[in-house]
Amino acid sequence: MAVLVGCRNASQTLRLHTGNLENVCRLGAYFNSQFAPSYKTAFAPARCYSSDIKDDLRVKYLDGDDSGIVVFGINRPKAKNAISKNLVRLMSEAVDNVKKNNKVRSVILCSLVPGIFCAGADLKERAKMHQSEVGPFVSRARALISELGNLPMPTIAAIDGAALGGGLEMALACDIRIACGTQRLPRAIGVSLAKELIFAARVVDGTEAHRLGLVSHSVEQNNSGDAAYHRALELAREFNPQGPIAIRMAKLAINQGIEVDLSTGMAIEEACYAQVIPTKDRLEGLAAFKEKRPPCFKGE
C-alpha cells in the first residue's frame, strides 16, 4: 500500500530517528521507495532539472476545473531537496503570495525529485555558515514552517520519498499529513505514544502508520509510482467547490480552538462564524439549498 505521503507498500517503513542532540533536532521519517515517482502531472510533460537556484521551488497555479489549487514542488535533486537559505526564501515568498490570494482554495506540497521529499537541513551549506548565522537561519526556517501551518486554506503534503527533520516538520505543518517530531508529533498522536515511538526509534509499515494516526490516508500504489500526489490532488478537488471563506474560518476555529479550553474554543467558533454571516457566499448557499441546485461560491 502507498500512504498519502508516499510509503510505497505495506512492507515499506516509517522510521523515527533519535540519538544525540543534533539527531533529536533532525527527528524524521524515511519512506523507502522501490519505484521512482513520475513527474507530477501539474508539471508535465517531462522531468527537467535545472541548476538555476530559482528552480529550487516550482510553484504551479492549476487552471481549468482545478483553478484554485496551487502546487509547491520542491526541486533540489543534487541536494536531496535539503532546506537551504534559498529554498527558505523561495518558500517564504510562495507562502506569502498564496496567503494574500483569496482565489487560492488549497495548496499541495510535494517533491519533484524521485525517492525524496526533503532530507532536512542542507548540512553542506550549514557547515559553511559562520556560527552567528546558524541561529537566525534556523529561526527563519522555523518561521516558514509556522507560516505554512498558518495558511488560511487547506494544505496537503504528498510525500513520495524520504522525509527527514525539517522536511517532515513541513509535512506535519500541513492539514493532511504524516509526521513525527518533538513538538508536533505529541500534538498529533499524544505524548505517551509519541515518546514511545521516538525513544524506541520504531519502524512501522504503512498500515501501522495509518492505525497510529501518522498517515492521513492509505491508497493502492499505481504503476507510475505517484499515488500519493494523485490522492492529494483528489482531496484538493473535493475541497475546491466548497465555500472558501467558510473553510478558512473552520480551519482557524479548529487550529485556535484546539489550543484552549472548550468554553474559549466555543467563543472562537462563534467569532469565526460571525465572519461568515455577512458574506455573499452564505446567501448563495441558502439560495442554492432553496432552489435545490449546487452552490457556486466565489469567496465573497
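The following refers to the structure shown. Not measured: the values here are computed from a predicted model.

What counts, and at which threshold
Residues numbered from 1 in each chain as written. Predicted model: local features only at pLDDT ≥ 70, side-chain atom pairs only at ≥ 80, totals over all residues. Heavy atoms only, no water. Helix = DSSP H or I, 4+ residues; strand = E, 2+ residues; numbered from the N terminus. Buried < 20%, exposed > 50% of the residue type's maximum accessible area, 1.4 Å probe, protein only. Areas by Shrake-Rupley, 256 points an atom, 1.4 Å probe, with all protein chains shown as cover. Core = buried A, V, L, I, M, F, W, Y, C linked by side-chain atoms within 4.5 Å. Contact = heavy atoms within 4.5 Å. Expected span 1.5 Å × (residues − 1). Pairing = 2+ DSSP bridges. Axes fitted to C-alpha atoms, helices over the stretch in contact; angles between N-to-C directions.

Notes on the overall build of the protein
No. 1: Of regular secondary structure, the protein possesses 12 helices and 10 strands.
No. 2: Taking all 300 residues of the protein together, the buried fraction comes to 47%.
No. 3: Total accessible area computed for the protein in this model is approximately 15,100 Å², and 55% of it derives from carbon and sulfur atoms.

Some remarks on the nonpolar core
Note on soluble globular proteins: their nonpolar side chains tend to be buried together.
No. 1: L57, F72, V107, L109, F117, L148 and M170 are the most contacted members of the largest nonpolar core, which has 33 residues in total.
No. 2: Mapped by element, the contributors of at least two residues to this core are β4 (69-74), α2 (85-99), β5 (106-111), β6 (115-118), α4 (131-149) and α5 (166-173).
No. 3: In terms of residue count, the dominant contributor to this core is α2 (seven residues).
No. 4: Ignoring anything within four residues of it in the chain, the contact list for L109 reads F72, I74, M91, F117, L148, I156, A157, A158, M170 and C174.
No. 5: One finds I69, I108, L112 and I156 within the second-largest nonpolar core, a separate group that totals 14 residues.

Some remarks on the environment of A267
No. 1: By secondary structure assignment, the location of A267 is in helix α11 (residues 262-276).
No. 2: Exposure remark for A267: the relative accessible area of 43% places this residue in the partly exposed category.
No. 3: Once the C-alpha coordinates of A267 and G257 are considered, the two residues, 10 residues apart in sequence, prove to be 8.7 Å apart.

Overview of unusual backbone geometry
No. 1: With phi around 55°, K80 is a residue other than glycine that occupies positive phi space.
No. 2: Inspection of the secondary structure puts K80 in the loop between β4 and α2.

Re helix α10 (residues 244-257)
No. 1: Over its 14 residues, α10 extends 19 Å from the first C-alpha to the last, a length consistent with the 20 Å expected when each residue adds 1.5 Å.
No. 2: The complete set of buried residues in α10 reads P244, I245, R248, M249, K251, A253 and G257.

Some remarks on the sheet that holds strand β7 (residues 155-158)
No. 1: Taken together, the four strands give an open sheet; going across it, the order is β3-β4-β5-β7, and neighbouring strands pair in mixed fashion. A strand with exactly one partner marks an edge of an open sheet, and here the two such strands are β3 (57-61) and β7. For this sheet the average axis-to-axis angle between neighbouring strands, irrespective of direction, equals 20°.
No. 2: Two strands pair when backbone bridges link them, and β5 and β7 are joined in this way by four bridges, in the parallel orientation. Across the sheet, residue I108 finds its bridge partner in β7, namely I156.

Just geometry here; none of it tells us what the structure is for.
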